[in-house]
Amino acid sequence: MTRELSDMSPSMGGQFQFHLTSLNLKNPANAPDAFEREALLTLISRQQSQLSDYGEYTEFLQTNDTSVFRYFAPLYTKESCLSCHGDQGLSGG
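**Student:** How should I be thinking about the side chain of Glu-36 in this particular structure?
**Tutor:** Topologically, Glu-36 is positioned in helix α2 (residues 34-44). A polar side-chain atom of Glu-36 sits 2.7 Å from a polar atom in the side chain of His-19. If sequence neighbours within four positions are ignored, Glu-36 has contacts with His-19, Thr-21, Ala-31 and Arg-70.

**Student:** Help me understand the pattern of salt bridges in this model?
**Tutor:** Working definition: two side chains of opposite charge can pair if their charged atoms are close together. Overall, the coordinates contain two salt bridges when judged by the stated rule. Here Arg-70 and Asp-33 are joined by a salt bridge, their closest N and O atoms 2.8 Å apart. Taken together, the positions of Arg-70 in strand β2 (residues 66-72) and Asp-33 in the loop between α1 (2-8) and α2 put the pair 37 residues apart, joining distant regions of the chain. Its relative accessible area of 32% is what places Asp-33 among the partly exposed residues. Here Glu-36 ties to Arg-70 by a salt bridge, and the two come within 4.0 Å at their closest N and O atoms. Of this pair, Glu-36 sits in helix α2 while Arg-70 is found in strand β2, placing the two residues 34 residues apart along the sequence. Among the charged side chains, a network of salt bridges with common partners joins Asp-33, Glu-36 and Arg-70.

The rules behind the values
- Residues numbered from 1 in each chain as written.
- Predicted model: local features only at pLDDT ≥ 70, side-chain atom pairs only at ≥ 80, totals over all residues.
- Heavy atoms only, no water.
- Helix = DSSP H or I, 4+ residues; strand = E, 2+ residues; numbered from the N terminus.
- Polar contact = N/O pair within 3.5 Å; in protein donor to acceptor, adjacent residues only side chain to side chain.
- Contact = heavy atoms within 4.5 Å.
- Salt bridge = Lys/Arg side-chain N within 4 Å of Asp/Glu carboxyl O.
- Buried < 20%, exposed > 50% of the residue type's maximum accessible area, 1.4 Å probe, protein only.

So, in structure tokens, the structure goes:
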């Protein structure tokens, strides 16, 4: 669903993108970029001072004349998700 929303962005003004990623990839096309990798490593190491109370990680970038807000949030897995995603090293909870 997240990829489908991101694919719709151009028809909605192109102002957003979504990307699911992991350090334990099943699909190489989902490899994290530098920001995402740093966010994942920060979450794994539990560096709370760099994360919100919900594990969110953010950054503001200035590119040309455009400000970009980057946002990372972990997806929490429910037991019902494991029937399809259990081989990705996920656990429910």
